[in-house]
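Understanding the architecture of this molecule
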Amino acid sequence: MQTVDIKSINEKIKEESAFIDLLTMEVNKVIVGQNHMVERLLIGLLGSGHILLEGVPGLAKTLAINTLSRAIKSDFQRVQFTPDLLPSDVIGTMIYNMQKGEFNIKKGPIFANFVLADEINRAPAKVQSALLEAMAEKQVTIGDETFKLQEPFLVLATQNPVDQEGTYPLPEAQMDRFMLKTVIDYPKLEDERTIVRNSISGKMGQAVNPVVSVEEIIRAREAVKEVYMDEKIENYILDIIFATRYPEKYRLENLKPLISFGASPRGSINLTMAAKVYAFIKRRGYVIPEDVRAVCHDVLRHRIGITYEAEAENITTEDIINDILNAVEVP
C-alpha cells in the first residue's frame, strides 16, 4: 500500500515542481555560475524560510534576489542597513496629516514579497529586532494597528565577512531565525569570463520575464509538505542534531570541548523542511539521505557555537559538521 502512495506522491511532485526548471533558466539569464546560491534561494522560498548570505562584495547577492523577484511577478524592496537606520525606516511609521488633523500610517519597505536587508550587521540591534520580529511573526505593528505581511514573504539578509569595523554582530537567537546561512564563493574562471563578456556587451541587464505566479509558489509550498520522509530519515536528522549537543554519545568525544552550544529544535525543523524542499527541487516525492547531507551545512553552520579552544585551533563549524556527518550512521 505504501509503495502505491509513494508512487502517487512522486507523480504529484513531478507535476507541481515543473516550474523549477523554467524559473532557474530565467534567473540564469542574469546570474552566471552561482547555482548553489540560486538553489538555496529556492529552498528558502519554497520552505518559507529566510536566508542569510555571506560573501565579499560583488558576488551578485543583491542581483540574485532582485532577479528572482522579477521572475516571480512579485514585489521587491531593498533596505541598505546603516548605523543611523531606525526601526521606522524598515517597518513604517505614523505621520501627522495637518489638513485632516490625524495620524496616517506610512508603511515601510518590509511590506513586500522579497525584502533584501543589505549588510544587516551594519545596523544597530533595535533595527535588527524590528526586522526579525516581522520575520518570525509575519506581521508588523505600527501604532495600535497590526498588519499581516503578504505571502510569500522572504527576507534575504547579506553580511560582509571581511570588514568588521562599525558592525553589530547578530546575536545567536537572531541568527537562529534564519533557515539557511549560505556562504558565497567566487565564480569559477570560465563563469567569470562569461560575466565579464556579458557585462561589457550589455547583456548583463537583459530582461527577465515573469514566468511563475505567486499562487504557484504558495501551491508548491503546500506540495512540499507532502514529500514523503521515512522514519529512518527522521531519525538520521535527529541524530545529526543531537550530535551537535551531545557529541560524546556519537563517539565524537574530541568535539565536546570545541562546541559551546548545539542546534536548537528550530534546527531540526529547518533541516527537515530544507531536505524536503531539496527533494522537491530534484523532482522527487521522497527524501533520501543525500538530500539531508546536501543542505546540512547551510542549515547548521550558524546554529553551532564554537568555543575559544576551537578558535585557537582554527576549527570552524564547517569542520564540526563534516565530523558529525562522517560519524552519524547513514540509513
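Summary of the structure given here. In this text the structure is predicted, and so the values were computed from the model without any measurement. (Residues numbered from 1 in each chain as written. Predicted model: local features only at pLDDT ≥ 70, side-chain atom pairs only at ≥ 80, totals over all residues. Heavy atoms only, no water.)

A look at the side chain of Arg284
The residue Arg284 is located in the loop between helix 11 (265–281) and helix 12 (289–300) in this model. A residue is classified by how much of its surface remains accessible, and Arg284, at 15% relative accessible area, is buried. (Helix = DSSP H or I, 4+ residues; strand = E, 2+ residues; numbered from the N terminus. Buried < 20%, exposed > 50% of the residue type's maximum accessible area, 1.4 Å probe, protein only.)

Focus on the nonpolar core
Counting residues in each nonpolar core, the largest one holds 73 residues, and the members touching the most others are Leu46, Ile240 and Phe280. Dropping the residues within four chain positions of it, Leu46 is found in contact with Phe19, Ile20, Ile217, Ala220, Arg221, Val224, Val277, Phe280 and Ile281. Residues Phe81, Val115, Ala130 and Leu132 belong to the second largest nonpolar core, which totals 29 residues. (Core = buried A, V, L, I, M, F, W, Y, C linked by side-chain atoms within 4.5 Å. Contact = heavy atoms within 4.5 Å.)

Details of the pattern of salt bridges
In total, this model carries 19 salt bridges according to the counting rule given. One salt bridge in this structure joins Lys225 and Glu222, with 3.2 Å as the shortest N-O distance. With Lys225 and Glu222 both in helix 9 (residues 214–225) and three residues apart, the pair spans about one turn of that helix. Given a relative accessible area of 44%, Glu222 falls into the partly exposed group. What emerges from the salt-bridge pattern is a single network uniting Glu39, Arg40, Lys282, Asp298, Arg301 and Glu318. (Salt bridge = Lys/Arg side-chain N within 4 Å of Asp/Glu carboxyl O.)

Brief notes about the pairing of strand 6 (residues 139–142)
With burial as the criterion, only one face of strand 6 is covered, namely that bearing Val140 and Ile142; the residues Gln139 and Thr141 on the opposite face remain uncovered. As defined by bridge partners, strand 6 adjoins strand 7 (residues 145–148) across four bridges and the pair is classed as antiparallel. Residue pairing for strand 7: Val140 is matched across the bridge by Phe147. Where strand 6 folds back onto strand 7 in an antiparallel hairpin, the turn is made up of two residues, including Gly143, whose phi is positive at roughly 65 degrees. (Pairing = 2+ DSSP bridges.)

Digging into the sheet that holds strand 2 (residues 76–80)
Taken in spatial order, the five strands make up an open sheet running 2-5-8-1-9, and their pairing is parallel. Looking at strand neighbours, the two that pair on one side only are strand 2 and strand 9 (180–183), the edges of this open sheet. Here the average twist between neighbouring strands, direction ignored, is 20 degrees. Examined bridge by bridge, strand 2 and strand 5 (residues 114–118) share five bridges and lie parallel to one another. Residue pairing for strand 5: Gln77 is matched across the bridge by Val115. Its contacts with the sheet put helix 4 (residues 61–71) on strand 1 (51–54), strand 2, strand 5 and strand 8 (154–159), and the angle it makes with strand 5 is roughly 170 degrees. (Axes fitted to C-alpha atoms, helices over the stretch in contact; angles between N-to-C directions.)

Describing the packing of aromatic side chains
Scanning the entire structure with this criterion turns up three aromatic pairs. Considering the side-chain rings of Phe111 and Phe147, the 5.9 Å spacing of their centres and the 85 degrees angle between planes classify their relative orientation as edge-to-face. Residue Phe111 is located in the loop between strand 4 (102–107) and strand 5, and its partner Phe147 is located in strand 7; the two are separated by 36 residues in the primary sequence. Accessibility expressed as a relative area gives 18% for Phe111, which makes it buried. Ring centres of Phe242 and Tyr246 lie 6.0 Å apart, and the angle between their planes is 45 degrees; on these two criteria the pair is classed as tilted. We classify Phe242 as partly exposed; its relative accessible area is 34%. Sitting over the ring of Phe242, Arg245 keeps its end group 4.7 Å from the ring centre. Against the face of Tyr246 rests Lys249, its NZ or CZ located 4.5 Å from the ring centre. (Phe/Tyr/Trp six-rings, centres within 6.5 Å; stacked < 30°, edge-to-face > 60°. Lys NZ or Arg CZ within 6 Å of the ring centre and 35° of its normal.)

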